[in-house]
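Here is how the chains run, residue by residue.
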2 protein chains.
Amino acid sequence: MTDKAPPARPRRAATLADVGREAGVSAMAASAVLNSPTTSTRISKETQERVLAAAKKLRYRPNQTARALVDRRMNALGLVGMLAGGDPNLYFLEVFDGVVQEATARGQIVTVFNVGSWEAASRLIPQYCDGRVDGLILVAPMIDAPASEWLPEHAPAVAVHPNHAVPGVANLRADDEGGARQAVNRLLGLGHRRILHVGGPVGYMGAELRCQGFRRACEAAGVGVPADYIVRTDFTAEGGAQAMDAWLQSHQGQPLPDAIFAASDGIALGCLERLQARGLRVPEDISVIGFDNTLFARAARLSTVAQPLRTLGRLAVQALLTSIEAHRDGHAATDATETVLDTTLIERATLAAPRATPLLIA
Amino acid sequence: MTDKAPPARPRRAATLADVGREAGVSAMAASAVLNSPTTSTRISKETQERVLAAAKKLRYRPNQTARALVDRRMNALGLVGMLAGGDPNLYFLEVFDGVVQEATARGQIVTVFNVGSWEAASRLIPQYCDGRVDGLILVAPMIDAPASEWLPEHAPAVAVHPNHAVPGVANLRADDEGGARQAVNRLLGLGHRRILHVGGPVGYMGAELRCQGFRRACEAAGVGVPADYIVRTDFTAEGGAQAMDAWLQSHQGQPLPDAIFAASDGIALGCLERLQARGLRVPEDISVIGFDNTLFARAARLSTVAQPLRTLGRLAVQALLTSIEAHRDGHAATDATETVLDTTLIERATLAAPRATPLLIA
DNA sequence: GTGAAAGCGCTAACAG
DNA sequence: CTGTTAGCGCTTTCAC
């Protein structure tokens with residue numbers, strides 16, 4: 001005999017129709033009430049109250065996916081990056097932090113896409129544009145294929161620290177070369193001359209620019225850079241540790257460098273660990289400077305070059321939102337822009353003047 | 001005279017109807033082809049190929065929000081946590097890492113919701129259940145109100161390190177008390193007796209349990225704990241630094257503690273910084289041990305208690321997915337479960353035997 | 001084998 | 001002021 005609707009449907013979010021039924025009005029009346037911005041005044045006070053009461057009773061929440069279907073907008077931003085399995089990617093994490101803060105402030109949610117490797121990315125990225133997000137923020141993308149092949153029809157996107165500037169979108173990065181020069185100039189100013197650069201991976205624009213900044217600063221100071229005083233490795237502590245060991249091993253009996261300029265804090269940390277393991281003191285025996293000013297640096301009391309990572313994240317959100325607006329208004333994609341932010345030198349406990357008499361490598 | 005459809009609509013993702021039109025078949029034929037699982041054989045080879053070719057040409061991607069509307073499932077998981085403005089929340093970040101890895105492996109995307117404060121959370125969380133995600137992972141939620149008030153109708157959810165176990169959902173955490181005992185027992189084993197505990201905020205279950213583990217380990221060893229040897233502060237480096245300074249200030253002229261057990265790596269780092277600033281040597285003058293084994297710990301060469309944070313993240317995803325399945329199959333909410341993972345002691349460079357003669361605080 | 005029709009929850013454009 | 005109709009892009013059921 002339970003022919004009519006049973007008392008309450010257990011597990012299904014209340015819908016506008018439910019609210020309308022409860023309040024004795026149509027679903028669209030309920031819609032009108034619950035979305036005051038446009039049409040609130042059209043509904044009588046009395047009806048409004050009934051609807052509001054019903055919505056509250058039923059704990060009504062508008063279904064955003066249904067809404068997205070009609071106004072073609074999810075209010076969700078996609079963050080694409082590579083979260084390696086090994087040590088957490090602190091660089092990514094700080095940008096992420098900035099992105100989440102700004103997105104939240106702008107009423108957007110952030111969805112994270114983890115590309116296992118950038119080789120897979122050009123296949124994966126198109127799949128991310130499936131309506132669940134309105135645009136993409138690419139963090140340190142390392143993609144060689146031309147964007148037209150993998151970026152769906154000028155989908156709204158921005159790139160932070162891309163290996164090549166992505167055409168047709170906003171590109172944001174820090175001044176890697178300038179930052180490297182700041183670091184090296186400081187080392188030079190302290191009197192260091194034999195400076196080892198433990199650089200990042202070949203092919204990464206950031207790594208290349210830091211390497212170039214290193215060379216230029218040395219050149220400008222008239223300091224020669226022997227070929228073996230530049231090595232390249234991964235942007236990780238393991239990479240730094242291996243590079244450091246390998247270098248020391250292959251230079252036994254020769255003088256220890258005065259200082260090391262590492263292309264990232266992770267690399268610097270690896271160097272530090274290997275140096276300490278050999279009983280070498282930092283900064284008394286050798287100075288070290290990193291890059292990024294991630295948490296690593298603070299915890300290790302490492303001097304470093306700070307990039308405004310969180311700011312980069314916030315700006316990326318702003319640029320992306322602008323681009324999304326333009327896109328929905330039918331404006332052509334705003335042409336590629338390139339924004340470069342300044343870096344700052346942070347001095348901590350790994351910098352000192354060189355030793356009077358260089359140590360020999362054991 | 002462009003009366004018919006113009007050559008190509010510029011900016012709008014291709015739809016099933018578009019594909020069908022291009023291939024000269026109906027939209028549902030296209031649908032049937034492009035979603036082989038159920039109905040692939042029903043369509044003729046020839047039609048299949050035409051559809052596939054059209055889809056490729058048009059770069060067709062199924063719209064997940066439309067699909068979600070019909071099968072009530074977004075394949076997106078929500079991660080709710082508090083990303084404070086100050087130092088990045090490394091604890092959150094590591095759990096996050098595990099969540100993203102596992103979710104990606106299971107074909108789910110992860111959406112991050114940042115509650116500015118847990119006070120706001122009970123208002124915010126219901127809003128997150130708006131169809132954009134299928135379930136929620138609450139990371140270290142600190143909510144006093146009963147779950148029935150803020151968790152929408154037993155929406156699928158799991159909690160990692162909740163301050164109270166959330167009823168009706170899976171609760172996951174590490175063995176905080178056991179971990180604390182491990183740490184303290186190690187200190188005791190080295191011969192330390194006057195151990196200062198710099199604990200986390202009052203009210204956080206994790207902080208309380210670590211504090212309790214500290215007390216119990218001392219009691220079990222017959223070591224008394226004066227009331228002023230337990231202080232509480234925020235889970236941050238700043239908190240640790242302030243607490244350390246305040247304690248040293250108020251104990252001038254008294255003997256320095258043998259060792260410090262900090263309730264988090266962040267706190268430990270703050271302590272370390274203040275100790276070093278006073279010229280005290282770790283571990284020669286005083287031993288320090290942290291909790292969490294975040295990056296902080298490694299970079300600062302800090303001994304600590306490791307929690308399987310990434311594993312917690314992975315398990316949370318698995319539990320949530322199970323719960324989502326149960327939910328859609330109409331099974332009642334699986335009753336609350338509680339999973340407690342073991343911790344591991346990690347020894348680095350901040351542990352040593354106590355000094356023969358205690359130092360006095362300057 | 002294939003198309004027509006209905007509906008997921010919502011909003012927009014009209015009628016009444 | 002309010003209800004009806006149509007449609008966002010997709011899937012499912014059911015005729016043909």
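Below or above, wherever it landed, is the structure these notes cover. (Residues numbered from 1 in each chain as written. Chains lettered and ligands numbered in written order. Predicted model: local features only at pLDDT ≥ 70, side-chain atom pairs only at ≥ 80, totals over all residues. Heavy atoms only, no water.)

It is worth spelling out the overall build of chain A at this point. Tallying secondary structure elements over chain A gives 14 helices and 12 strands in all. In terms of overall size, chain A is more extended than a compact globule, its C-alpha atoms giving a radius of gyration of 28 Å where 362 residues would be expected to give roughly 21 Å. When the backbone C-alpha atoms are referred to their principal axes, chain A occupies close to 95 × 40 × 35 Å. In chain A, once contacts between residues fewer than 6 apart in sequence are set aside, the share between residues at least 24 apart is 73%. Averaged over its 37 positive side-chain charges, chain A has a centre that lies 9 Å from the centre of its 37 negative ones. (Helix = DSSP H or I, 4+ residues; strand = E, 2+ residues; numbered from the N terminus. Rg over C-alpha atoms; globule rule 2.2 N^0.38 Å. Contact = heavy atoms within 4.5 Å. Lys, Arg positive; Asp, Glu negative; His and termini not counted. Charge placed at Lys NZ, Arg CZ, Asp CG, Glu CD.)

Moving on, we come to the interface of chain B and chain A. Taken residue by residue, the interface counts 63 residues in chain B and 63 residues in chain A. With both chains or domains summed, chain B and chain A bury close to 5200 Å², and 56% of this area falls on carbon and sulfur atoms. Where chain B packs against chain A, one counts 4 salt bridges. A salt bridge links Glu273 of chain A to Arg298 of chain B; its shortest N-O distance comes to 3.3 Å. Where chain B packs against chain A, one counts 14 residue pairs in polar contact (both at pLDDT 80 or more). Tallying contributions element by element places helix H6 (residues 90-105) of chain B first for the side of chain B that touches chain A, with 9 residues. Grouping the amino acids of the side of chain B that touches chain A by side-chain chemistry returns 29 nonpolar, 17 polar and 17 charged. (Buried area = accessible area lost by both parts, 1.4 Å probe. Salt bridge = Lys/Arg side-chain N within 4 Å of Asp/Glu carboxyl O. Polar contact = N/O pair within 3.5 Å; in protein donor to acceptor, adjacent residues only side chain to side chain. Nonpolar A, V, L, I, M, F, W, Y, C, P; charged D, E, K, R; others polar.)

Time to look at the sheet that holds strand S7 (residues 230-232) of chain A. Residue and element names in this part refer to chain A. A sheet is described by the order of its strands in space; here 4 strands give the open sequence S7-S6-S8-S9, paired in parallel fashion. Every other strand in the sheet has two partners, leaving S7 and strand S9 (287-289) as the edge strands with one partner each. Along the sheet, successive strands turn relative to each other by an average axial angle of 15 degrees, direction set aside. Both strand S6 (residues 195-199) and S7 contribute to a ladder of 3 bridges, which runs parallel. (Pairing = 2+ DSSP bridges. Axes fitted to C-alpha atoms, helices over the stretch in contact; angles between N-to-C directions.)

Evaluation of the coordinates by the stated rule reveals 50 salt bridges over all chains. For Glu46 of chain B, the salt bridge goes to Arg50 of chain B, with nearest N and O atoms at 2.9 Å. Of this pair, Glu46 of chain B and Arg50 of chain B both sit in helix H4 (residues 45-58), 4 residues apart, roughly one helical turn. Classification of Arg50 of chain B as partly exposed rests on a relative accessible area of 34%. Linked by salt bridges that have partners in common, Arg12, Asp18 and Arg21 of chain A make up one network. (Buried < 20%, exposed > 50% of the residue type's maximum accessible area, 1.4 Å probe, protein only.)

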